[in-house]
Amino acid sequence: MTFIQLEYIAALDAFRHFTLAADHCHVTQPTLSMQIQKLEEELGIVIFDRSKQPVIPTAIGAEVIAQAKSILVQKEALHELIEYKKGTLTGELRIGIIPTLAPYLLPLFIQQFAMKYTKVKLIVSEMTTDIITHSLKEGAIDAGILVTPLQQKGIKEFVLFYEEMLAYVSKKNTLYKKHYVLAQDIDPNKLWLLEEGHCFRSQIENLCELRKRSLAGSHFDYETGSIETLRRMVDLNDGITIIPELATLDMPAKQLQLIRKFKSPVPVREVSLVVQRDFVKKRLIDALRGSILASVPEKIKKNKGSNIIAI
């Protein structure tokens, strides 16, 4: 029995497809199949039912896979301990980050992190919240940067900061003349939103209580995953959109004139670093967390979480 074989059965359990699992492990499909078959022969059991599509673990196979994942976690913990004793920080850190944070937060800390920790390889992917939590549980990523609270079993949350939610208002809109905005002031028929699946859209719906209000004739038939696209739509058309505070950092003065704050208590989103509850790359995660906190503007660090909008 080898660690490689245990990694192969864990990958096949995650992907339920031999070719996809082999691609994930960077080997050929025959190599992965042969190694899994060798392990089954050594143990004298069938780990996967190959007659099903997608393939699924047998009853005993599921128990073996669970134990294999536990062993692989301990293997990572051993490497982590050795690196700690050596006084070095090396390894690979796979991170998932939601699209409404990625373009604004990543540029603040990625370069500094890479320069400070030259022996750490960062692999960053944009993912929705659901994919991040699923990937964490499957071990496909080591950490996620997203909006919380999630309140999901097995997920540990480290709050990083609270980010204000701001209104971006067209000069043609009646709210442009106001200094502060109330959620009930927003006409849902004039509101541009992200497409379904984004937690920021859910927060806006909760903030504005859109599910309780008429959406007839609204812009909800227009779908995009980009806050920048929504901002451009407001620039060129009458309307309003809600944007996160980090999105205003590089805004030119002309666009900053279109920003309107909400009246106190100001709505915020809670941004956190999340990991599996039994995560092992503690020193790498601590380094990542420290780099993010060091890069966030002081004003945002001082924001309070007194009015966190639910996802």
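In case you missed it, the structure is sitting above this.
Parameters at a glance
Residues numbered from 1 in each chain as written. Predicted model: local features only at pLDDT ≥ 70, side-chain atom pairs only at ≥ 80, totals over all residues. Heavy atoms only, no water. Phe/Tyr/Trp six-rings, centres within 6.5 Å; stacked < 30°, edge-to-face > 60°. Buried < 20%, exposed > 50% of the residue type's maximum accessible area, 1.4 Å probe, protein only. Helix = DSSP H or I, 4+ residues; strand = E, 2+ residues; numbered from the N terminus. Contact = heavy atoms within 4.5 Å. Salt bridge = Lys/Arg side-chain N within 4 Å of Asp/Glu carboxyl O. Patch = residues over 30% accessible without salt bridge, like charges linked within 9 Å, V, L, I, M, F, W, Y side chains within 5 Å. Areas by Shrake-Rupley, 256 points an atom, 1.4 Å probe, with all protein chains shown as cover. Axes fitted to C-alpha atoms, helices over the stretch in contact; angles between N-to-C directions. Parallel < 35°, antiparallel > 145°, perpendicular 65-115°, else oblique. Left-handed = near helix turned anticlockwise from the far one by under 90°. Nonpolar A, V, L, I, M, F, W, Y, C, P; charged D, E, K, R; others polar. Pairing = 2+ DSSP bridges. Core = buried A, V, L, I, M, F, W, Y, C linked by side-chain atoms within 4.5 Å. Arc of directions from axis to C-beta.

## Details of the packing of aromatic side chains
In the structure shown here, the tally under the stated rule is two aromatic pairs. Taken together, a centroid distance of 4.9 Å and an interplanar angle of 50° make the contact between F113 and Y117 tilted. Accessibility classification places F113 together with Y117 in one group, the buried group. Between F158 and F279, the ring centres sit 6.2 Å apart and the planes meet at 80°, which makes this aromatic pair edge-to-face. Taken together, the residues F158 in strand β6 (residues 155-169) and F279 in the loop between β10 (268-276) and α10 (282-295) connect sequence positions 121 residues apart.

## A look at the environment of L194
Looking at the element boundaries, L194 is found in the loop between β7 (180-181) and α7 (199-207). L194 sits 49 residues away from I145 along the chain, and the two C-alpha atoms are 19 Å apart. Leaving out residues up to four positions away in the same chain, L194 has contacts with T100, F200, R201, T224, G225, S226, I227 and L230.

## As for the pattern of salt bridges
Scanning the model with the defined rule gives 17 salt bridges in all. Its salt-bridge partner being R94, residue D142 comes within 2.9 Å of it at the nearest N-O pair. With D142 in the loop between α6 (129-138) and β5 (143-148) and R94 in strand β3 (residues 91-97), this residue pair connects regions lying 48 residues apart in the sequence. Between E163 and R269 there is a salt bridge whose closest N-O contact spans 2.8 Å. With a gap of 106 residues between them, E163 in strand β6 and R269 in strand β10 connect regions that are remote in the sequence. When its relative accessible area of 0% is taken as the criterion, E163 is described as buried. Assessed through its relative accessible area of 1%, R269 is described here as buried.

## Some remarks on the environment of L249
Within the element layout of this structure, L249 appears in the loop between β8 (240-244) and α9 (253-256). Exposure remark for L249: the relative accessible area of 38% places this residue in the partly exposed category. The spatial distance from the C-alpha of L249 to the C-alpha of Y104 is 8.2 Å, given a sequence separation of 145 residues. Those residues in contact with L249, other than ones at most four positions away along the chain, are L108 and P297.

## Points about a nonpolar patch on the surface
A grouping of L78, L81 and I82 is seen on the molecular surface, where their side chains present a nonpolar patch of about 260 Å² in accessible area. With respect to the secondary-structure elements, L78 resides in helix α4 (residues 59-86).

## Comments concerning the packing of helix α5 (residues 102-116) against α10
α10 packs onto α5 with a crossing angle of 120° between their chain directions and a minimal axis gap of 9 Å. As the angle between them shows, α5 and α10 are arranged oblique. Like other packed secondary-structure pairs, α5 and α10 cross with a definite hand, here right-handed. Across from L105, L108, F109 and F113 in α5, the residues of α10 making contact are A287, L288, S291, I292 and S295. Across the contact of α5 with α10, the residue classes break down as seven nonpolar, two polar and no charged.

## Digging into the packing of helix α1 (residues 3-15) against helix α3 (residues 29-43)
Two elements in contact, α1 and α3, have axes whose closest approach is 9 Å; the angle formed by their N-to-C orientations is 110°. Considering the angle they form, α1 stands roughly perpendicular to α3. On the side of α1, the interface is formed by Q5, L6, Y8, I9 and L12, while α3 contributes T31, L32, Q35, I36, K38, L39 and E42.

## Thoughts on the pairing of strand β9 (residues 259-262)
The two faces of the sheet receive side chains in turn, since in a regular strand these alternate between them. Summarising the sheet, β6 and β9 pair through two bridges and their orientation is antiparallel. Paired with Y168 across the bridge in β9 is I259. Here β7 runs beside β9; their pairing, made up of two bridges, is parallel. When the bridges of β9 are listed, Y180 appears paired with K261.

## Quick notes on the nonpolar core
Judged by nonpolar contacts, the single largest core of 71 residues is most densely connected at I145, I186 and I242. If you look at the next biggest cluster of nonpolar residues, it comprises 21 residues, including L12, A22, L39 and I47.

## Concerning helix α2 (residues 18-25)
Regarding α2, the residues found buried are F18, A21, A22 and C25. All buried residues of α2 lie within an arc of 100° about the axis, which places them on one face of the element. Buried positions along α2 lie against α1 and α3. H26 sits one or two residues past α2 and shows a positive phi near 60°.

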